[in-house]
Amino acid sequence: MSPRSSCAPVLVVVFCLFVTAFCKFPSLDHIKAQASDEAQGRAVVELLKRLLGTRSTEFIVSVNSSLSNDSLDVCELRSTKDNKIVATGSTGVAVASGIYNYLKYFCNCHVSWSGDQLDMPRPLPTLTGVLRINTPHRFRYYQNVCTFSYSSVWWDWPRWEREIDWMALNGINLPLAFTGQEALWQEVYQALGLNHTEIEEFFSGAAFLAWNRMGNLFRFGGPLPQSWHVNQLYLQFKILERMRSFGMVPVLPAFSGNIPKGILRLYPEANVTRLGSWARFNCSYSCSYILDPRDPLFLRIGSLYLSQVVKQFGTDHIYNTDTFNEMRPPSSDPSYLSAVSRSVFASMTAVDPQAIWLMQGWLFFSDAAFWKPAQIQALLHGVPLGRMIVLDLFAETEPIFSYTKSFYGQPFIWCMLQNFGGNSGFFGTVESINSGPFKALHFPNSSLVGIGMTPEGIEQNPVMFELMSELAWRKEPVNLSKWVSLYAIRRYGSTQENLIAAWRLLFASVYNCTVSHYRNHNHSPLVHRPSFHMNSGVWYDPSDLYKAWKLIMEAAPSLMSKETFRYDLVDVTRQVLQVLTTSFYQDIVQAFLEQKLPELLIAGGVLVNDLLPELNSLLSSDRNFLLGTWLERARSLALDEKEAQLYDMNARNQLTLWGPNGEILDYASKEWGGLMEDYYAQRWGLFVHTLVECLDSGRPFKQGAFNQEVFQIEKGFIYNNRTYPTKPQGDTYEIARRIFLKYYPQALKTL
């Protein structure tokens, strides 16, 4: 059976959805696409040219905002007699996502961060009648304030253009647009009277701006060069223009109360609180100064800043700011908390009377001991109902709406967080995300207005984001086994049963974490500083992973021309070696504790001298797993060598020490070629060497002494001045096959 005939009938059943014809929040009615229907149509035409080349002419695109009478996006597709597809939608985003659903389910095509599979049939498959695709969700939100540091910090315009295309294809209409805001803050601070040094000592380095913006830290990794401000401002103008051209509503930044110390020189009477330290940083870099929102100066600074934002960036009336992110308020008095949110909102409405405050709900989870029902309700009700949208940021694992009576009536967006720190490693909660949004929609007196994706880092686990974005257009949960079978077919353009079986195994195991309160930090010993107390648990049966690995290896010879397949072959092999590292670690520890030197030498020798070098070779063979690319992108933004070195230090530090002394060590770990060899493998080599020396000499192992020694390796990596490859090296198939022949039998023995 051909891919087309096996998949085509599915869409008709699955995507013919009804629209909920009722908007609960008239206060959101003014939030709509700014670009004209014609401009949005042109944007989709240009996207299709970038994606499909000459075959883009087989799609006839138009945007007609009157197609939807309730602000809920809809797209209608039909075939013409000459085998073209006519796509009409209520916004550019609706058309783009409608066409992508056609490409997925009728043409078996696929678009992802890790490559595209666009072998379209000729002629295009015919639609019978009109295919109507719509969504019950007003908003489809995307990004996390941390994504701008963990993933997009070094992006140039072509990479941003590609991401915005991906957003449109996946139905995103409410993206965070935080780039370039420091340039405006610089102007505001200068206007207030701060000098150059005071401003320079406030901003963090480029790779840490997310936490500078949230009031967690300052100065570390800085100073920010003036060229950075210019470059980011230029990018933001292009980002906003393109987002709006599709009919998206970009979310812009507002003032949270986080101020430079220099404000105290100018306004010594201001009501300012100095917070305690954050995440083990000392007060050289943390202990931020927070201006009380009830102080008149808050309104002045907040409105001055937002005036600049609106003047430079225009506005779509939705602004994000987060008070008390991972920082406890000075008082739990409900009247104080209501006054705070009322004042923050007033600084927005003073500039934009139609302002809507979008707030991350992370604080309610991260400090649940403080945020009891009375405190949550007070903060939320300081803003008129319908004028705030709360992101239920980690709803797939820690939903807040369910114990706050749907955020006490404020509109909210059910979000999948999925990833912390941009870590590598398979992870998913498919059962939870497949049911959660529908539970939220049908919750008593639900104030749900959308669903979203809020990963701290992207460019990992693309299957989770394809599923999550598609669920925004469904009226009921999908059959996960059927869904992932079709995913496998379109991701590779192949109906090989091995691949379908492999993905079904992965979806039922590693992608289906059901452990309560589990946070995906990649706890694997592979990417953490070695010790005798490492996390060796997994939430799935590794035998399912090994079976999937075997099935994918067997399918490999005929599919190596597909970038999507090569990526997944590397990724599944990487995951297996990550699990096997834990097994070798356990053998090493056991041999040491039992004082068996030969066993220690064997387990440690295989790990350090074979497994980790093989893993580094594998990662280095695919462009998506290269440290060199991350570093080159960072250095490319510099005007001179001094700036290049500063950005290089930022890029390396974030991945490793995350602070001058490992304050958030390995939080943003990545399994990349180059990093594996010069950072993770070096640490493991020192660990094994130290244990062997201890057994040889009869001395006990002292973790404190080891930590001091291994810190020199960690810090040495940041300043090693080595240039890493930016192009893949080696034959992925040959490397993966060699690893499979060596380690598949070893994997089975561990079961």
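Because the structure is predicted, anything quoted here is derived from the model rather than measured.

Draft legend 1. Up close: the overall build of the protein. A count of helical and extended segments in the protein gives 27 helices and 17 strands. For 751 residues, the compact-globule estimate of 2.2 N^0.38 gives 27 Å, and the C-alpha radius of gyration of the protein, at 26 Å, lies within 12% of that figure. Seen through its principal axes, the protein has C-alpha atoms that stretch 75 × 75 × 50 Å. For the protein, with 751 residues in total, the buried portion stands at 64%. Across the protein, the fraction of contacts at a sequence separation of at least 24, relative to all contacts at a separation of at least 6, is 77%.

Draft legend 2. Here's a closer look at the packing of helix 6 (residues 181–192) against helix 9 (residues 226–245). At a minimum axis distance of 7 Å, the contact between helix 6 and helix 9 shows a crossing angle of 120 degrees. Relative to helix 9, the element helix 6 is oriented oblique. Between helix 6, through E182, A183, L184 and Q186, and helix 9, the contact on the second element is made entirely by Q226, H229 and L233. Across the contact of helix 6 with helix 9, the residue classes break down as three nonpolar, three polar and one charged.

Draft legend 3. Representation of the sheet that holds strand 3 (residues 85–89) within the structure. If you trace the four strands from one edge of the open sheet to the other, you get 1-3-2-6, paired in mixed fashion. Single-partner strands in this sheet number two, and they are strand 1 (59–63) and strand 6 (131–134). Sheet twist, expressed as the mean angle between neighbouring strand axes with direction ignored, is 15 degrees. Direction of pairing for strand 2 (residues 74–79) relative to strand 3: antiparallel, over a ladder of five bridges.

Draft legend 4. View of the pattern of salt bridges. This structure, assessed with the given rule, holds 37 salt bridges. E714 is the partner of R529 in a salt bridge, and the nearest nitrogen-oxygen pair spans 2.6 Å. Within this pair, whereas R529 is found in the loop between helix 19 (497–507) and helix 20 (542–555), its partner E714 is found in helix 26 (residues 703–718), the two being separated by 185 residues in sequence. For E714, a relative accessible area of 0% gives the class buried. Taking the shortest distance from any N to any O, the salt bridge between D648 and R652 comes out at 2.7 Å. Highlighted residues: D648 and R652, both in helix 24 (residues 641–655), separated by four residues, approximately one helical turn. Residue R652 is classed as buried on the basis of its relative accessible area, which comes to 1%.

Draft legend 5. Main features of the packing of aromatic side chains. On inspection of all chains with the given rule, the structure shows 68 aromatic pairs. Ring geometry for W113 against F465: centres 4.9 Å apart, planes inclined by 65 degrees, an arrangement best described as edge-to-face. One end of the pair, W113, is in the loop between strand 4 (110–112) and strand 5 (115–117); the other, F465, is in helix 17 (residues 462–471), and 352 residues separate them in sequence. Accessibility expressed as a relative area gives 11% for W113, which makes it buried. A relative accessible area of 0% means that F465 is categorised as buried. Ring geometry for W154 against Y647: centres 5.7 Å apart, planes inclined by 55 degrees, an arrangement best described as tilted. One end of the pair, W154, is in the loop between helix 4 (147–150) and helix 5 (157–169); the other, Y647, is in helix 24, with 493 residues separating them in the sequence. Taking the relative accessible area as the measure of exposure, W154 reaches 2% and is therefore buried. Here Y647 falls in the buried class, since its relative accessible area comes to 1%.

Draft legend 6. Representation of the nonpolar core within the structure. Formed by 269 residues in total, the largest nonpolar core has its most connected members in W154 and W414. In terms of residue count, helix 21 (residues 563–593) provides more of this core than any other element does, 15 residues in total. Apart from the residues lying within four places of it in its own chain, the contact partners of W154 are A206, A207, W228, W630, R633, A634, L637, Y647, N650 and A651.

Draft legend 7. Structural detail: the environment of L655. Relative to the elements of secondary structure, L655 occurs in helix 24. A relative accessible area of 0% means that L655 is categorised as buried. For the pair L655 and Y150, spaced 505 residues apart in sequence, the C-alpha to C-alpha distance is 8.8 Å. When near neighbours in sequence (up to four residues on either side) are disregarded, L655 contacts L627, W630, D666, A668, S669, K670, W672, L675 and Y680.

Draft legend 8. The layout of surface pockets, seen in detail. Considered as a void within the structure, the largest pocket measures approximately 750 Å³ in volume. Grouping the constituent residues of the lining of the largest pocket by class yields 11 nonpolar, 13 polar and 11 charged. Space inside the second largest pocket adds up to approximately 540 Å³. Lining the second largest pocket are 32 residues, and of these W278, E326, W362, R519 and Y667 lie nearest its centre. Of all the elements, helix 13 (residues 362–366) adds the most residues to the lining of the second largest pocket, at three residues. Of the residues assigned to the lining of the second largest pocket, the class counts are 19 nonpolar, six polar and seven charged.

Draft legend 9. Just the UniProt feature "domain: Alpha-N-acetylglucosaminidase C-terminal" (unreviewed entry) in the protein, in detail. In this structure's numbering, the residues bearing the UniProt feature "domain: Alpha-N-acetylglucosaminidase C-terminal" (unreviewed entry) are residues 483–742. Annotation note: span residues 483–742, helix share 63%, strand share 0%, distance between end C-alpha atoms 33 Å.

Draft legend 10. Main features of the confidence of the model for the protein. With 97% of its residues at a pLDDT of 70 or more, the protein shows a mean pLDDT of 95. Across residues 1–23, where pLDDT falls below 50, the model places 48 contacts with residues more than four positions away in sequence or in other chains.

Draft legend 11. Representation of the UniProt feature "domain: Alpha-N-acetylglucosaminidase tim-barrel" (unreviewed entry) in the protein within the structure. Taking the numbering used here, the UniProt-annotated feature "domain: Alpha-N-acetylglucosaminidase tim-barrel" (unreviewed entry) corresponds to residues 140–475. The span residues 140–475 carries 41% helix and 12% strand; its end-to-end C-alpha distance comes to 15 Å.

Draft legend 12. Inspection of the sheet that holds strand 10 (residues 258–259) at higher detail. Strand order in the open sheet formed by three strands is 10-12-11, and the pairing between neighbours is antiparallel. Each end of this open sheet is capped by a strand with a single partner; those strands are strand 10 and strand 11 (272–274).

Draft legend 13. Local environment of the state of the cysteines. As enumerated under the stated definition, the model contains one disulfide in all. Between the sulfur atoms of C283 and its disulfide partner C287 the distance amounts to 1.8 Å. Of note, the bridge from C283 to C287 carries an S-S torsion of about -60 degrees and is left-handed in sense. Residue C287 is classed as buried on the basis of its relative accessible area, which comes to 3%. Summary of cysteine pairing: C107 is not part of a disulfide, and the nearest cysteine sulfur, belonging to C109, is at 5.3 Å.

Criteria and cut-off values
Residues numbered from 1 in each chain as written. Predicted model: local features only at pLDDT ≥ 70, side-chain atom pairs only at ≥ 80, totals over all residues. Heavy atoms only, no water. Helix = DSSP H or I, 4+ residues; strand = E, 2+ residues; numbered from the N terminus. Rg over C-alpha atoms; globule rule 2.2 N^0.38 Å. Buried < 20%, exposed > 50% of the residue type's maximum accessible area, 1.4 Å probe, protein only. Contact = heavy atoms within 4.5 Å. Axes fitted to C-alpha atoms, helices over the stretch in contact; angles between N-to-C directions. Parallel < 35°, antiparallel > 145°, perpendicular 65-115°, else oblique. Nonpolar A, V, L, I, M, F, W, Y, C, P; charged D, E, K, R; others polar. Pairing = 2+ DSSP bridges. Salt bridge = Lys/Arg side-chain N within 4 Å of Asp/Glu carboxyl O. Phe/Tyr/Trp six-rings, centres within 6.5 Å; stacked < 30°, edge-to-face > 60°. Core = buried A, V, L, I, M, F, W, Y, C linked by side-chain atoms within 4.5 Å. 1 Å grid on protein atoms, 1.4 Å probe; cavity = no way out; pocket = protein on both sides within 12 Å on 5 of 7 lines; lining within 4 Å. Points joined across faces, edges and corners; volume = space filled by probe spheres on them. UniProt positions renumbered as here; feature names shortened; annotations may be inferred. pLDDT = per-residue confidence, 0-100. Disulfide = S-S within 2.5 Å.

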